[in-house]
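Read off the chains here:
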Amino acid sequence: GQNIDQPTEMTATEGAIVQINCTYQTSGFNGLFWYQQHAGEAPTFLSYNVLDGLEEKGRFSSFLSRSKGYSYLLLKELQMKDSASYLCAVRVSTDSWGKLQFGAGTQVVVTP
Amino acid sequence: SQTIHQWPATLVQPVGSPLSLECTVEGTSNPNLYWYRQAAGRGLQLLFYSVGIGQISSEVPQNLSASRPQDRQFILSSKKLLLSDSGFYLCAWGPGAGGNIQYFGAGTRLSVL
């Protein structure tokens, strides 16, 4: 089976930094994705890592270590609007179907 | 630019009634199409995916079926809804030929009573 694990919930203060970890054990690996999902809304794409290292995109950065089966999403200068669920997803195979396996999501609560 | 439309946004149906949810994509050709279900507090579960007209693959056995009558149209159906079919249904598209990122529609919140 496929296992993708991330913490259920994290709380942080406005202006702070939060790191959301994701570990995966899958039968294959062809990329890791992070999505943001506000309550009652659809997920929106944040980042994609297929090579080891850090990808920075504004206040958000994503890191990947394939040898460790580990990724994190780093949210800097937290804003109230960053309160949302953050989903880690792995593309398991290299076929053309692009199927993703999702973790259960990490609910981030930003407090004033 | 590409857009994805999904409707209805909310649906309340009695047990045993039929279901039809529709998803259409604009601005791209031959997309991969996906149906997901998200139970409350849970991750996204892939239900069906399609790489072309009439080509449907099912990921989990269930009470639902999917069809792709046109290149950019994906339909999720059921003949008789169960209570356990309640959830948040999301349609997504991704570029064909091995493209990676999936883009989601706004979702349909289905309550079966």
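Definitions and limits used
Residues numbered from 1 in each chain as written. Chains lettered and ligands numbered in written order. Predicted model: local features only at pLDDT ≥ 70, side-chain atom pairs only at ≥ 80, totals over all residues. Heavy atoms only, no water. Core = buried A, V, L, I, M, F, W, Y, C linked by side-chain atoms within 4.5 Å. Buried < 20%, exposed > 50% of the residue type's maximum accessible area, 1.4 Å probe, protein only. Helix = DSSP H or I, 4+ residues; strand = E, 2+ residues; numbered from the N terminus. Contact = heavy atoms within 4.5 Å. Pairing = 2+ DSSP bridges. Axes fitted to C-alpha atoms, helices over the stretch in contact; angles between N-to-C directions. Disulfide = S-S within 2.5 Å. Salt bridge = Lys/Arg side-chain N within 4 Å of Asp/Glu carboxyl O. Buried area = accessible area lost by both parts, 1.4 Å probe.

### Brief notes about the nonpolar core
Ile 20, Leu 32, Trp 34, Leu 73, Leu 75 and Tyr 86 of chain A are the most contacted members of the largest nonpolar core, which has 21 residues in total. Elements supplying a minimum of two residues to this core: strand S3 (18-25), strand S4 (32-37), strand S7 (60-65), strand S8 (70-75), strand S9 (84-91) and strand S11 (106-111) of chain A. If we ignore the near neighbours within four places in the chain, the residues touching Ile 20 of chain A are Gln 6, Met 10, Trp 34, Ser 71, Tyr 72, Leu 73, Leu 75, Tyr 86, Thr 106 and Val 108 of chain A. Listed in part, the 20 residues of the second largest apolar core include Leu 19, Val 25, Trp 35 and Leu 64 of chain B.

### Remarks on the sheet that holds strand S8 (residues 73-78) of chain B
Residue and element names in this part refer to chain B. What the 4 strands build is an open sheet, ordered S1-S3-S8-S7; its pairing is antiparallel. The open sheet has two edge strands, strand S1 (3-7) and strand S7 (65-70), and neither has a second partner. On average, each strand axis in the sheet is tilted by 20° relative to the strand beside it, whichever way the strands run. Bridge count for S1 against strand S3 (residues 19-26) is 5 bridges, and the pairing is antiparallel. If you follow Thr 3 over to S3, its bridge partner there is Glu 26.

### As for the state of the cysteines
Following the criterion strictly, the structure yields 2 disulfides over all chains and no others. Paired through a disulfide, Cys 22 of chain A and Cys 88 of chain A show a sulfur-sulfur distance of 2.0 Å. Looking along the S-S bond of the Cys 22 of chain A-Cys 88 of chain A disulfide, the torsion reads about -70°, which is the left-handed sense. Of this pair, Cys 22 of chain A sits in strand S3 while Cys 88 of chain A sits in strand S9, and the two are 66 residues apart along the sequence. Both residues of the pair, Cys 22 of chain A and Cys 88 of chain A, belong to the buried class. Across the disulfide, Cys 23 of chain B is cross-linked to Cys 91 of chain B (sulfur-sulfur distance 2.0 Å).

### Focus on the pattern of salt bridges
All names here are of chain A. Applying the stated rule across the entire model yields 6 salt bridges over all chains. The residue Glu 56 makes a salt bridge to Lys 76 at a minimum N-O spacing of 3.6 Å. Residue Glu 56 is found in strand S6 (residues 53-57), and its partner Lys 76 is found in the loop between S8 and S9; the two are separated by 20 residues along the sequence. A residue is classified by how much of its surface remains accessible, and Glu 56, at 56% relative accessible area, is exposed.

### Some details on the sheet that holds S7 of chain A
All names here are of chain A. One open sheet holds the 5 strands; their spatial order is S1-S3-S8-S7-S6, and the pairing between them is antiparallel. Strand pairing shows two members of the sheet lacking a second neighbour, strand S1 (3-5) and S6, which therefore form its edges. Ignoring strand direction, the axes of neighbouring strands in this sheet form an average angle of 15°. Examined bridge by bridge, S1 and S3 share 3 bridges and lie antiparallel to one another. Among the inter-strand pairings, Ile 4 is bridged to a residue of S3, identified as Tyr 24.

### A short note on the pairing of S6 of chain A
All names here are of chain A. Note: S6 against S7, 5 bridges, orientation antiparallel. Across the sheet, Gly 53 pairs through a bridge with Leu 64, a residue of S7. Hairpin connection between S6 and S7: a loop of 2 residues separates the two successive antiparallel strands, and Gly 58 in this loop has a positive phi of roughly 65°.

### Re the interface of chain B and chain A
Interfaces are often sized by the accessible area lost when the parts come together. On the chain A side, the residues contacting the 23 residues of chain B number 20 residues. Summing the contributions of chain B and of chain A, the shared interface buries around 1,700 Å²; its carbon and sulfur component is 55%. Applying the counting rule to chain B against chain A returns 1 salt bridge. Taking the shortest distance from any N to any O, the salt bridge between Glu 59 of chain B and Lys 99 of chain A comes out at 3.3 Å.

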